[in-house]
Amino acid sequence: GAVVSQHPSRVICKSGTSVKIECRSLDFQATTMFWYRQFPKQSLMLMATSNEGSKATYEQGVEKDKFLINHASLTLSTLTVTSAHPEDSSFYICSALDQGATETQYFGPGTRLLVL
Amino acid sequence: TQLLEQSPQFLSIQEGENLTVYCNSSSVFSSLQWYRQEPGEGPVLLVTVVTGGEVKKLKRLTFQFGDARKDSSLHITAAQPGDTGLYLCAGVRSTLGRLYFGRGTQLTVWP
């Protein structure tokens, strides 16, 4: 299957700082990528849809000024958590859409964020 | 409310038993995907079903897409401890590719 990478895999930061997470599709181009948040033992919650060359589309209740998304190329999307607080601690997962016949999303390995 | 209702939420069984996970909806999906996720990792795609009534087999796993493309099931035969994980169903409704996830089924298989 297609490969999607995320960096970093885990990050610990102080409250008030900003953290950037990168999502890369390694063997295909993705005009659309998705960012999810996941709490322990729960399903994935879609935060936003990242579109190459245009503004991201945020889900209801997700603050666009807090979770900045940039999809600068067909293989890279970044999520920046600005002024992070302890309640932002979570597992963040990205996916990239391979727009073939089955429109399959391939997921990255996730980034564990801990805000102290 | 969830667009895809997945059940059961938790399943704890002994090695060798069979199990079925269900995903149901009142909405029609263009395709439906099943993922398995281990703690601290991203979901890994198991299968994509596209055609109503389609049945796909992956070793001991059997996936079925309902005739009306509103529901799907995952059946595992002779479960093994290595099958332990979070199983997620997710459906696609449009060409925009957005996935609608079920709540997940946490499966634990005891030796």
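Not measured: the values here are computed from a predicted model. Throughout, a residue's number is its position along its own chain's written sequence, starting from 1. Note on labels: chains are lettered from A, ligands numbered from 1, in written order. Residues qualify for local features only when their pLDDT is at least 70, as the model is predicted, and side-chain atom pairs are given and counted only at 80 or more; totals for whole chains, interfaces and linings, by contrast, use all residues. Calculation of side-chain values draws on the structure's entire complement of heavy atoms; hydrogens and water are dropped beforehand.

Moving on: the overall build of chain A. Regarding its fold elements, chain A presents zero helices and eleven strands. Starting at the N terminus and walking to the C terminus, you meet the elements of chain A as β-β-β-β-β-β-β-β-β-β-β. Its C-alpha atoms give chain A a radius of gyration of 13 Å, near enough to 13 Å, the size a compact globule of 116 residues would have. Scored against the burial criterion, the 116 residues of chain A give a buried share of 51%. Pairs at least 24 apart in sequence give 54% of the contacts found in chain A among residues at least 6 apart. The Shrake-Rupley method, run with a 1.4 Å probe, gives the accessible areas here. Residue values count only the displayed protein chains as cover. Roughly 5,700 Å² of accessible area belongs to chain A as shown, and the carbon and sulfur atoms make up 51% of that amount. For the charge count, each Lys or Arg is scored as positive and each Asp or Glu as negative, with His and the chain ends excluded. For the purpose of locating charges, the reference atoms are NZ of Lys, CZ of Arg, CG of Asp and CD of Glu. Computing the positive centroid from 10 side-chain charges and the negative centroid from 10, chain A places the two 9 Å apart. Comment: elements are numbered from the N terminus, with helices defined as DSSP H or I runs of at least four residues and strands as E runs of at least two. For a compact globule the rule gives 2.2 Å times the number of residues to the power 0.38, and the radius of gyration it is set against comes from C-alpha atoms. Three labels apply to residues, based on accessible area from a 1.4 Å probe with only protein chains included: buried if under 20% of the type maximum, exposed if over 50%, partly exposed otherwise in between. Note on contacts: a residue pair is in contact if any heavy atoms of the two residues lie within 4.5 Å.

What follows is about the nonpolar core. Side-chain atoms within 4.5 Å are what join buried Ala, Val, Leu, Ile, Met, Phe, Trp, Tyr and Cys residues into a set we call a nonpolar core. The biggest cluster of nonpolar side chains holds 25 residues, and the ones touching the most others in it are Val4(A), Trp35(A), Phe67(A), Leu79(A), Tyr92(A) and Leu113(A). In this view, Leu113(A) contacts Val11(A), Cys13(A), Val19(A), Val81(A), Asp88(A), Ser89(A), Ser90(A) and Tyr92(A); residues no more than four positions away in its chain are not counted. Grouped together as the second largest cluster of nonpolar side chains are 20 residues, Leu19(B), Val21(B), Ala79(B) and Cys89(B) included.

In this assembly, 25 residues from chain B lie in contact with 23 residues from chain A. By buried area we mean how much accessible surface two parts lose on assembly, using a 1.4 Å probe and totalling the loss over both. Regarding the contact of chain B and chain A, the summed buried area is about 1,600 Å², with carbon and sulfur atoms giving 55% of it. Of all residues in chain B, Pro43(B), Arg98(B) and Phe101(B) give up the largest surface area on contact with chain A, accounting jointly for 25% of the area buried on that side. The term salt bridge refers to a side-chain nitrogen of Lys or Arg lying within 4 Å of a carboxyl oxygen of Asp or Glu. Here chain B and chain A share one salt bridge between them. Arg98(B) is the salt-bridge partner of Glu59(A), the closest N and O atoms lying 2.9 Å from each other. In protein, a polar contact requires one atom able to donate a hydrogen and another able to accept it; more generally it is a pair of N or O atoms within 3.5 Å, and residues adjacent in sequence count only if both atoms are side-chain atoms. Our count for the contact surface shared by chain B and chain A stands at five residue pairs in polar contact (both at pLDDT 80 or more). No other element matches strand 4 (residues 31-37) of chain B, which puts four residues into the side of chain B that touches chain A. Taken together, the residues of the side of chain B that touches chain A break down into ten nonpolar, twelve polar and three charged. Residues are sorted three ways: Asp, Glu, Lys and Arg are charged, Ala, Val, Leu, Ile, Met, Phe, Trp, Tyr, Cys and Pro are nonpolar, and all the rest, Gly among them, are polar.

As a further point, take the state of the cysteines. Note: disulfide means a covalent bond formed between the sulfur atoms of two cysteine side chains. Residues and elements named next belong to chain A. The disulfide definition used here is simple: a pair of cysteine sulfur atoms within 2.5 Å. This model, assessed by the stated rule, comprises two disulfides over all chains. Covalent S-S linkage joins Cys23 and Cys94, the inter-sulfur distance amounting to 2.0 Å. Its S-S torsion of about 80 degrees marks the bond between Cys23 and Cys94 as right-handed, since a negative value means left-handed. One end of the pair, Cys23, is in strand 3 (residues 19-25); the other, Cys94, is in strand 9 (residues 90-98), with 71 residues separating them in the sequence.

Glancing now at the sheet that holds strand 3 (residues 19-24) of chain B. Residues and elements named next belong to chain B. When DSSP locates at least two bridges between a pair of strands, those strands are taken to pair. If you walk across this open sheet you meet the five strands as 1-3-8-7-6, and the pairing is antiparallel. Each of the sheet's edge strands pairs with one partner strand only, and the pair in question is strand 1 (5-7) and strand 6 (55-58). Across the sheet, the mean angle separating the axes of adjacent strands is 15 degrees when strand polarity is ignored. Sheet analysis places strand 7 (residues 61-65) next to strand 8 (residues 71-76), joined by five bridges and oriented antiparallel. Residue pairing for strand 8: Phe65 is matched across the bridge by Ser72. Axis definition: a line fitted to C-alpha atoms, over the contacting stretch in the case of helices. Angles run 0 to 180 degrees between N-to-C directions.

On to a nonpolar patch on the surface, then. All names here are of chain A. In this scheme, patches are assembled from residues that exceed 30% relative accessible area and form no salt bridge. Like charges are connected within 9 Å, while nonpolar side chains (Val, Leu, Ile, Met, Phe, Trp, Tyr) are connected within 5 Å. Taken together, the side chains of Ile12, Leu114 and Leu116 present a nonpolar region at the surface, about 310 Å² in accessible area. Following the sequence through the fold, Leu116 ends up in the segment after strand 11 (111-115). By relative accessible area, which is 59% here, Leu116 ends up exposed.

Residues and elements named next belong to chain A. Judged by how many residues are buried, strand 8 (residues 76-81) sits mostly within the fold: six of six residues are covered. Judged by which residues are buried, strand 8 turns out to be covered on both faces: Leu76, Thr78 and Thr80 on one side and Ser77, Leu79 and Val81 on the other are all buried. Sheet topology places strand 3 next to strand 8; six bridges connect them, and they run antiparallel. Following the sheet pairing, Ile21 is matched in strand 8 by Leu79. Pairing of strand 7 (residues 67-73) with strand 8 involves five bridges; the strand directions are antiparallel. Bridging from a neighbouring strand, Asn70 pairs with Thr78 of strand 8.

Interpretation in functional terms is not warranted from these geometric data alone.
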